[in-house]
Amino acid sequence: MSTFTRITPPRVKVGLVAGGLGAYWPQFPDLLPQLQRSAARVSERMGAFDAEIVDVGFISDAQEGAAAAEKLRAADCDLIVGFLTTYMTATMLAPIAQRSGAPMLLINLQPTESMDHATFDTGQWLAYCGACPLPEMANAFTRLGIPFRSVSGYLEDERAWEKIGRWVRAAGVRAALRRGRHGLMGHLYPGMLDVATDLTLVTANLGGHVEVLEFDDLRVRVEKVTDGEAEARVELAREVFELDASVDGEDLAWAARVSVGLDRLVDDFELDSLAYYHRGLDGEIHERLGAGMILGSSLLTARGVPAAGEYELRTSLAMLIMDRLGAGGSFTELQALDFHRGHVEMGHDGPAHLAISARKPLLRGLGVYHGKRGWGVSVEFDVRHGPVTVFGLRQARDGGYGFVVSEGEVVDGPLLRIGNTTSRVDFGCDPGEWTDAWSASGISHHWALGTGHRAADLRATADLLGLDLTHIQPPRALV
């Protein structure tokens, strides 16, 4: 299997219902056909997203709304889009919102940018009246305790469709978390209080399941790896990486064997992410397993199964969120501040997201892993230059999770050559000021670094999860 043959997660399932007030149809015979054409166009454009669309058609009264509600409830959608084509009563959509359990997105897309006021009659105006019921829906949903969000525009309004696409992407992330299986293997890195995670809080805040694993679950699988499988993985590593002269052949062979075992572990437990750590002692097998995981974890991360060291479950989840948004998401922490150039240097030793490397990633041999026991091969690169987002999951004192986000740009500059990933990030402000603001948010000392500016997508995702979001901007913008 090719390293970058990504897993194919289930497509996000989006329910779609359009509607208008049935009392209009006998009064204005041309109105319903026009609205149905608009609904067909919306369905067509929704189908262009990477989603499974469950279109239950057009409703004209509360009874049809109730019937649509049952269809959408049975479909178990991840997001329901209600298209307000003209005025309609709240009773038509309330049962859909109440019974489905899915987040609701209300869209008001009139036929064109503006009416032709000189020629339009009442029936033609009503085709532009989708804005009219939006406050009614908002009021009713608020009183019913149903969260909602809305997008207003016109049928071919690309600004509006970008917003709709953002909600679809966010629903896909929410679905991945709700259905996810997240491996946690080994034990907490001693003393890292910020990393410690109550597993119940993962399910409470995000949904999904945390599978508690032992390093022996990996050991028995590594023991069954054949010489041929290990040799094939070494050849794959030689294709994917540039090998530094410091790489020891035996260390690479061991990392390859562990990599094959990791793939089997992920397959056997049907994992969507993995966080791990084991301290080990005097070169015994568990220490060697922990030290040999960087290659395999990096390959897994590039395939869409994020793997983070140091038992960093919340960061492996942040990496998963970024990956599902198409941003990659590499395991990251602060490394140094460059006040001369105005850059924050960040990265991490160990596994990384190979798909977002600025160049062919390097494998470097290390005789010692700083702060950890063992030795072996490690990954070295910087993230692709250009816009990036740093993103982590914060746990508050009451156990609630929140998103912490900041956007910057990876830029050129000198990098250490010590077997770590390192990127220079310019946040457009003094690096010390940014670091103080980022730390004050309550973020832990690890997070995900991904490509592109993703704050808007992350804000939509936080909204669907019912979590708050802290956007760390340059301090001058905070004043």
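Everything below is about the structure shown above.
## Considerations on the packing of aromatic side chains
For step 1, the next point in the chain: Within this structure, the stated rule accounts for 10 aromatic pairs.
For step 2, the next point in the chain: With a centroid separation of 6.2 Å and an interplanar angle of 40°, the aromatic rings of Phe49 and Trp161 are classed as tilted. Taken together, the residues span a long stretch of sequence, with Phe49 in the loop between α1 (31-46) and β2 (51-59) and Trp161 in helix α6 (residues 158-179) at a distance of 112 residues. Side by side, Phe49 and Trp161 carry an identical accessibility label, which is buried.
For step 3, the next point in the chain: Among the aromatic residues, those joined into a cluster by ring pairs are Phe427, Trp434, Trp438 and Trp447.
For step 4, the next point in the chain: The aromatic ring of Trp167 is capped on one face by Arg149, whose charged end is 5.5 Å from the ring centroid.

## Looking at the pattern of salt bridges
For step 1, the next point in the chain: Taken as a whole and assessed by the stated rule, the structure comprises 31 salt bridges.
For step 2, the next point in the chain: A salt bridge links Arg179 to Asp78, with the shortest nitrogen-to-oxygen separation between them at 2.7 Å. Of the two residues, Arg179 sits in helix α6 while Asp78 sits in the loop between α2 (62-75) and β3 (79-84), which places them 101 residues apart along the sequence.
For step 3, the next point in the chain: Since its relative accessible area comes to 42%, Arg179 is described here as partly exposed.
For step 4, the next point in the chain: Among the residues examined, Asp78 registers a relative accessible area of 0% and is labelled buried.

## Considering the sheet that holds strand β8 (residues 242-243)
For step 1, the next point in the chain: As summarised here, the arrangement of the three strands in space is β8-β13-β14, forming an open sheet in which the pairing is mixed. Single-partner strands in this sheet number two, and they are β8 and β14 (376-380).
For step 2, the next point in the chain: Here strand β13 (residues 362-366) pairs with β14 via five bridges, running antiparallel. Across the sheet, residue Leu366 finds its bridge partner in β14, namely Gly376.
For step 3, the next point in the chain: Each of β8, β13 and β14 is contacted by helix α10 (residues 249-268), which is oriented at about 75° to β14, the strand it contacts most.

Basis of the calculations
Residues numbered from 1 in each chain as written. Predicted model: local features only at pLDDT ≥ 70, side-chain atom pairs only at ≥ 80, totals over all residues. Heavy atoms only, no water. Phe/Tyr/Trp six-rings, centres within 6.5 Å; stacked < 30°, edge-to-face > 60°. Helix = DSSP H or I, 4+ residues; strand = E, 2+ residues; numbered from the N terminus. Buried < 20%, exposed > 50% of the residue type's maximum accessible area, 1.4 Å probe, protein only. Lys NZ or Arg CZ within 6 Å of the ring centre and 35° of its normal. Salt bridge = Lys/Arg side-chain N within 4 Å of Asp/Glu carboxyl O. Pairing = 2+ DSSP bridges. Contact = heavy atoms within 4.5 Å. Axes fitted to C-alpha atoms, helices over the stretch in contact; angles between N-to-C directions.

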